[in-house]
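# Architecture and fold: a report
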Number of protein chains: 2
Amino acid sequence: MSEKILVVGGVALGPKAACRCKRLMPDADVTLVDENSYISYGGCGIPYYVSGEVQNLDDLRATPYHTIRDAAFFRDMKGVAVRDQTRALRIDRDAKTLRVKDLKSGAEEDLPYDKLVLATGARPRVPDIEGKDLDNVLSLTRLEAAQSIRTACQEGKVAEAVIVGGGFIGLEAAVALADMWGVAVSVVEMTDQLLPGALSVSLARMAAHDCQSHKVAVHTAEKVLRLEGVNGAVSAVVTDKRRIPAQLVIFAAGFLPNGQLAKDAGLAVTPSGAVVVDEQMRTTDPCIFAGGDCASVKNLLTGKPGYLPLGSMANRQGRVIGTNLAGGQAVFPGYVGTWAVKLFDLSFCGVGMTVDRARQEGFDALSVSVEQLDRAHFYPEKSMMSLELVVDRASRRVLGMQGACVDSASLKARVDAVAAALQYARPTVADISNLEVAYAPPFASAMDVVNVVANVADNALAGRFTPVGADQFMKLWAERDSNQIFFIDARPAAGGKAVQEKHPLWHSIPLEETAARIGEIPTDRPVAIICNTGLRAYDSLLILARNGITDVVNATGGMQAVIKMGLEP
Amino acid sequence: MSEKILVVGGVALGPKAACRCKRLMPDADVTLVDENSYISYGGCGIPYYVSGEVQNLDDLRATPYHTIRDAAFFRDMKGVAVRDQTRALRIDRDAKTLRVKDLKSGAEEDLPYDKLVLATGARPRVPDIEGKDLDNVLSLTRLEAAQSIRTACQEGKVAEAVIVGGGFIGLEAAVALADMWGVAVSVVEMTDQLLPGALSVSLARMAAHDCQSHKVAVHTAEKVLRLEGVNGAVSAVVTDKRRIPAQLVIFAAGFLPNGQLAKDAGLAVTPSGAVVVDEQMRTTDPCIFAGGDCASVKNLLTGKPGYLPLGSMANRQGRVIGTNLAGGQAVFPGYVGTWAVKLFDLSFCGVGMTVDRARQEGFDALSVSVEQLDRAHFYPEKSMMSLELVVDRASRRVLGMQGACVDSASLKARVDAVAAALQYARPTVADISNLEVAYAPPFASAMDVVNVVANVADNALAGRFTPVGADQFMKLWAERDSNQIFFIDARPAAGGKAVQEKHPLWHSIPLEETAARIGEIPTDRPVAIICNTGLRAYDSLLILARNGITDVVNATGGMQAVIKMGLEP
């Protein structure tokens, strides 16, 4: 008798697990159950459908070879049965049945299973505020919502939109609406920075500046109190600081795992409701697997249960579950937390912990930043890359890296290399200093930016210099009347002098003139040095050190970072 | 008394080691000795100077902040003394002195050292053939040669050029001359493929096709016998197969390490003359370090001494030596062999062993190839990427990966991630199936190409399908009169039918029609399936398998790979 496999949830992990299992075990009777009519779609593509970059909604439902992944596709091509518009109500683990309800007919029935997969996904976190049920208040998780937003934009009905939440999806939505439809977008974020948890405050400033430069208003440390409506449709968002007119509100304040079905069946779930699974993606019932956005998997850096609802996680976990459904022993060890998001001019990408997160986890964490070209400086095509490396002081262990660059693939290359190291080892600063990456001038620098950021960390940990972020440098500059710091701009005269003319306390002492003009630098006051990227400032610091001037801080990232943050002297 | 550090060789590793040491040990007396007048230049940039992409020769000698790295720079900015045009003659290890000769005055002298660094680099391998000393027969290692080639091109004196050697530098030179100066370039390579040792025969076909599509003649399995000259300048190259007129000949047939100084001093060198060093980059004399192109370091995949003369290796090793000169304990563990080269339309990049190299090393190696978009298939900006994964059958250990893509950074991202895994672990196929890489639709696919190539290897190792490369498929097709294979094109009708009209034995059976038309497929003959990238062919194979047709091979990479190789049915 063929084994009965039931899969609840048909978006990403479910179809993957079902098809993989059927491939390995062709005799299996595999059925996919989903309460919606659209299944197996690229949910991560929704912002690009809203923007119009993805032309048709069907493109998000198609295979790379342009066949729509509907019930007929799974039946004919994959041998997997699909029951769409069918809701899973409860699991009877003793009887090994799943109670389902056909949403068209209302009929209920018990489906028997030998193995069950829970791929129930997650739901958007919607704050319980007045007006949340008004028309045109949406989340970006379902194709239907995507369609209605795009239609509203196309019909010119959205002049102003508010995004609640400055995380990945919120910012992707902001870009889609502002860049492609010219909508006046405001992002309201409760914490004091964009992409909280993913970026340091410094890198988040660059993200905010990129948004603001493209007419997206960014309101951080601000809370949405209620939504106002006219004739049942949203008309404004009221925060604790302002009232923002809006014909569209998108909730992008994170996700909650759909773990209720598992919990009701007595399976272990985390306090936040995510299904607990082992390395083989089995729940506490060995006949029931779970994965994707409804499950908790191990954070390999902290060793603790974690949650990372990403399509890439779901796909890889789905294959593991499919293998194990068919009697295999595949393992999903956990995650190190890679992510990526493309904003307007800049892409951001990272892995592991930010410096703040690392401190919350109890590490004595330090982060250093660099600005360096992604390819040989003499090669004509290249982009300036910002990288920030997070390390533990005592152990010199690398805990994470985040960055920003115009060239998204180039940034991804550095992050993915460090991510791989983090997956297979506990790399130290020295390991990343020596990380071997593919080199030729059109690809990298001979001393690549990913090696350099570790070298900078090494020098900072050894106390060879005191790095400050470009934003911290500008804060010191703003407080110059009280802190007695002597500010040096080590750029060539053209750069430094221009500022010096406006601000006489901004001293232009180009690197090349530093030795000769050493007498101009006071020895009884702290010194702060900035240049274009941080390199000249470091060489300037070495000259100062050789002359006995050691109370010096250096702006890592230099004016490049200052400008990306939207600051100016 | 300050410690005396002597560094022989001032191109890449030497200056890095000298400056790092001086930085950590400011009291040290650090001197750099080089027999040339140009020091500290980006030798890897020479092809880009020849092409004109790098405008001025000085750009290769400048810091990223545009200061020329000459003797004065090292003295004033770094506190390092430079004795250029000074040749190191011999080391007296007992006296701890280096005999040097000033090439301007002819005077010799003994320089005392406490620690010595050998950064003597490598010299181009020049075949000992008639005519090798004619004018306009050059290697691409020195700035002077670069200048004379570019001048000759600018003056229109080079209509035809021959590159001897189809490795990295040979192809970079070919691109520089053909693409930018319109020179008719012929590449003559002794082995039967371009980039031998770096690429499989299949990927090398793509490299050759890229060259040939840009009017570079590629002559593999061909040996240069002699050069002919007129008035002392080269006029033609005579190979074992033809005579090629040429006003310029570039030798790019590899490098030989300059280990003689070390060998003469009784230090251990490898049979090929590379200086033997330990993990701290010390030679067999603990007071003498060596690194860069003159030294042998460990190949981490084979565990054997290896040789990888790359600027990136030299820079990272230089820092390690600098640290250790100052009393540190830095380590350079070895290399996994990453490389990258940009040709015309395509970039190539890889790590570790090719399938042929792996077999030479005694592995029972298998390689599988895929063609997949580098980003979400629904995202508008994307490139098709070819990846080939090399694995050991029994252990499932990953031994290397190579690829080709228009987007060089995107390809680098996949290679560097695998390279990092290879540096810190012995990843298996399952590890790369699960490799976590940064995902969002503008960066990757939810099931990224690097995961997919491992999934394909997994399926091939399990005997779930029999992959053949696109070139092997085309060979089977060429032999169709004798092998009785039934050929299926699983693309949509438009693609397959067009070929079928020309070749009735090329059967267009689109994936969607396969189940319905199963009766057309013979059950008593082998079947070979191709499609656009390999995906449809795999789904088609599953349908055949469910219908009992199992003697099937699939063309991985599909017509995308066929076209990149310059083949056609």
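The residue numbers shown here count from 1 along each chain, following its written sequence. Naming scheme: in the order in which they are written, chains are lettered from A and ligands are numbered from 1. Where totals are concerned, whole chains, interfaces and linings use all residues; where local detail is concerned, this predicted model gives features only for residues with pLDDT of at least 70, and gives and counts side-chain atom pairs only at 80 or more.

Residue and element names in this part refer to chain A. Start and end points for every domain follow an automatic or database-based domain assignment. With domains assigned, chain A is organised as domain 1 (4–122 + 256–325), domain 2 (137–253), domain 3 (346–461) and domain 4 (466–564). The straight-line distance from the C-alpha centre of domain 2 to that of domain 3 is 30 Å. Residue pairs qualify as contacts under a 7 Å threshold applied to their C-beta atoms, which are placed from the backbone. Across the boundary between the two partners, domain 2 contributes ten residues, which contact 13 residues of domain 3. When the residues that make up the side of domain 2 that touches domain 3 are grouped by side-chain class, the tally is six nonpolar, three polar and one charged. For this scheme, ten residues count as nonpolar: Ala, Val, Leu, Ile, Met, Phe, Trp, Tyr, Cys and Pro. Four count as charged, namely Asp, Glu, Lys and Arg, and the remainder, Gly too, count as polar.

All names here are of chain A. Reading across from one edge, β9-β16-β10-β11-β12 is the order of the five strands in this open sheet, with parallel pairing throughout. The sheet is open, and its two edges are formed by β9 (137–139) and β12 (217–219), each paired on a single side. Across the sheet, the mean angle from the axis of one strand to that of its neighbour is 20°, orientation sign disregarded. Strand pairing is assigned whenever DSSP identifies at least 2 bridges connecting the two strands. Numbered from the N terminus, helices here are DSSP runs of H or I no shorter than four residues, and strands are runs of E no shorter than two. Inspection of the sheet shows strand β11 (residues 184–188) paired to β12 by three bridges, in the parallel sense. Looking across to β12, one finds that V188 is bridged to H219. Only C-alpha atoms enter the line fits that serve as axes; for helices the fit covers just the stretch in contact. Angles between N-to-C directions range over 0 to 180 degrees.

Superposition of the copies was done by least squares, using only C-alpha atoms of residues whose pLDDT is at least 70 in both. When chain A is fitted to chain B, the best match, at an RMSD of 0.0 Å, comes from turning it 180° and sliding it 0.0 Å along the axis. Viewed as a symmetry operation, the transformation between the two copies matches a two-fold axis. Within chain A, the C-alpha atom positioned nearest to the axis of rotation is that of A413(A), 1.8 Å from it. When the interface residues of chain A are mapped onto chain B, 100% of them again fall at the interface, so both copies present the same face.

Facing 80 residues of chain A, the contacting portion of chain B comprises 80 residues. No other element matches helix α10 (residues 408–424) of chain A, which puts 13 residues into the side of chain A that touches chain B.

Here the focus is the sheet that holds strand β25 (residues 384–392) of chain B. Residues and elements named next belong to chain B. Read from one edge to the other, the open sheet built from five strands follows the order β22-β23-β26-β25-β24, with strand pairing classed as antiparallel. Single-partner strands in this sheet number two, and they are β22 (339–342) and β24 (365–373). Taken over all neighbouring pairs, the strand axes of this sheet differ in orientation by 10° on average, direction set aside. Bridging between β24 and β25 involves nine bridges; their strand directions are antiparallel. Each residue of the ladder has a partner; that of V370, found in β25, is L387. The strands touched by helix α10 (residues 408–424) within the sheet are β22, β23 (347–352), β25 and β26 (398–405), with β23 carrying the most contacts at an inclination of about 0°.

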